[in-house]
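Structural overview for review
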Amino acid sequence: MIKFFLMVNKQGQTRLSRYYEHVEINKRTMLEAEVIKNCLSRSKDQCSFIEYKDFKLVYRQYAALFIVVGINETENEMAVYELIHNFVEVLDKYFSRVSELDIMFNLDRVHIILDEMVLNGCIVETNRTRILAPLYVLDKVAES
């Protein structure tokens, strides 16, 4: 099961966070700081899976953004690694070459995409067309 989903830039600023288990606000900031520090300090040659406390971290870097997913011991790391890539491909398709600014100014849309893909910490959808269908409907409603 997925515990949390983070998107951070190289400066360590969180651009997106979604928690699937209850974590108190003050503990979230400490957790995010430690997780980000662990991922940013690693070289590109090192593995993208990290054992951390009572869970595992799976991360992937895209240009200046890192996507970090915290999972429990039973979750498949490669499946989550592919989920991260699929998430970025969906963002690319919707935003036509997604950038950090797209994420910052369209955070509601990014959350909708993530919610279509992950529900209560479980991967529920990977098909790009089905993931983007609700957004296209919202875009049509907004135009009219």
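For the structure, see preceding data.
I will try to describe carefully the structure that is included in this document. Computed from a prediction, not measured in an experiment: that's the story for all the values here.

Looking now at the overall build of the protein. When helices and strands are tallied, the protein shows 5 helices and 7 strands. Counted from the first residue to the last, the protein has its helices and strands arranged as β-β-α-β-β-β-α-α-α-β-β-α. Rg of the C-alpha trace for the protein: 15 Å, near the compact-globule value of 15 Å for 144 residues, within the 12% margin. The C-alpha extent of the protein, read off along each of the three principal axes, is 50 × 30 × 30 Å. Per-residue burial for the protein yields a buried fraction of 40% across its 144 residues. Long-range pairs, those at least 24 residues apart, make up 50% of the contacts in the protein with a sequence separation of at least 6. Approximately 8100 Å² of the protein is accessible, and the part contributed by carbon and sulfur atoms is 52%.

By secondary structure assignment, the location of Phe49 is in strand E3 (residues 49-52). Expressed as a C-alpha distance, the spacing of Phe49 and Glu77, which sit 28 residues apart in the sequence, is 7.2 Å. If we ignore the near neighbours within four places in the chain, the residues touching Phe49 are Arg42, Leu57, Val58, Glu77, Met78 and Tyr81.

Another point: the packing of helix H4 (residues 107-117) against helix H5 (residues 128-143). Orientation of H4 relative to H5, taken along the N-to-C sense of each, is 145°, at an axis distance of 8 Å. Crossing handedness for the pair H4 and H5: right-handed. The residues of H5 that touch H4, namely those facing Arg109, Ile112, Ile113, Glu116 and Met117, are Arg130, Ile131, Leu132, Pro134, Leu135, Leu138 and Asp139. Among the residues making up the contact of H4 with H5, the classes are represented as 8 nonpolar, no polar and 4 charged.

Once that is clear, we can look at the nonpolar core. Among the nonpolar cores identified, the biggest contains 29 residues, and Phe5, Met7, Ile67, Val69, Phe87 and Ile113 are the most heavily contacted of them. Of all the secondary-structure elements, those providing two or more residues to this core are strand E1 (2-9), strand E5 (65-71), helix H2 (77-95), H4 and H5. Top contributing element to this core by residue count: H2, with 10 residues. With residues up to four places along the chain from it excluded, the contact list for Val69 reads Ile2, Phe4, Phe5, Lys56, Leu57, Val58, Val80 and Ile84.

All right, on to the packing of aromatic side chains then. Geometry of an aromatic ring pair is reported as the spacing of the ring centres plus the angle between the planes. Applying the stated criterion to the full structure yields 8 aromatic pairs. Relative to Tyr19, the ring of Phe4 lies with its centre 5.8 Å away and its plane at 40°, an arrangement referred to as tilted. With a gap of 15 residues between them, Phe4 in strand E1 and Tyr19 in strand E2 (residues 14-19) connect regions that are remote in the sequence. Owing to a relative accessible area of 2%, Phe4 belongs among the buried residues under this scheme. Owing to a relative accessible area of 12%, Tyr19 belongs among the buried residues under this scheme. When the centroid spacing of 5.5 Å and the interplanar angle of 65° are considered together, the rings of Tyr52 and Phe55 count as edge-to-face.

For the coordinates displayed, the defined rule picks out 8 salt bridges. Two residues, Glu21 and Lys3, come together in a salt bridge whose shortest N-O distance is 3.4 Å. Of the two residues, Glu21 sits in the loop between E2 and helix H1 (25-40) while Lys3 sits in strand E1, which places them 18 residues apart along the sequence. Judged by relative accessible area, which is 35%, Glu21 ranks as partly exposed. Among the ionic pairs, Lys56 bridges to Glu77, the shortest N-O distance being 2.5 Å. On the criterion of sequence distance, the pair formed by Lys56 in strand E4 (residues 55-62) and Glu77 in helix H2 is long-range, its members being 21 residues apart. Looking at Glu77, the relative accessible area reads 22%, which means it is partly exposed.

Parameters and conventions
- Residues numbered from 1 in each chain as written.
- Predicted model: local features only at pLDDT ≥ 70, side-chain atom pairs only at ≥ 80, totals over all residues.
- Heavy atoms only, no water.
- Helix = DSSP H or I, 4+ residues; strand = E, 2+ residues; numbered from the N terminus.
- Rg over C-alpha atoms; globule rule 2.2 N^0.38 Å.
- Buried < 20%, exposed > 50% of the residue type's maximum accessible area, 1.4 Å probe, protein only.
- Contact = heavy atoms within 4.5 Å.
- Areas by Shrake-Rupley, 256 points an atom, 1.4 Å probe, with all protein chains shown as cover.
- Axes fitted to C-alpha atoms, helices over the stretch in contact; angles between N-to-C directions.
- Left-handed = near helix turned anticlockwise from the far one by under 90°.
- Nonpolar A, V, L, I, M, F, W, Y, C, P; charged D, E, K, R; others polar.
- Core = buried A, V, L, I, M, F, W, Y, C linked by side-chain atoms within 4.5 Å.
- Phe/Tyr/Trp six-rings, centres within 6.5 Å; stacked < 30°, edge-to-face > 60°.
- Salt bridge = Lys/Arg side-chain N within 4 Å of Asp/Glu carboxyl O.

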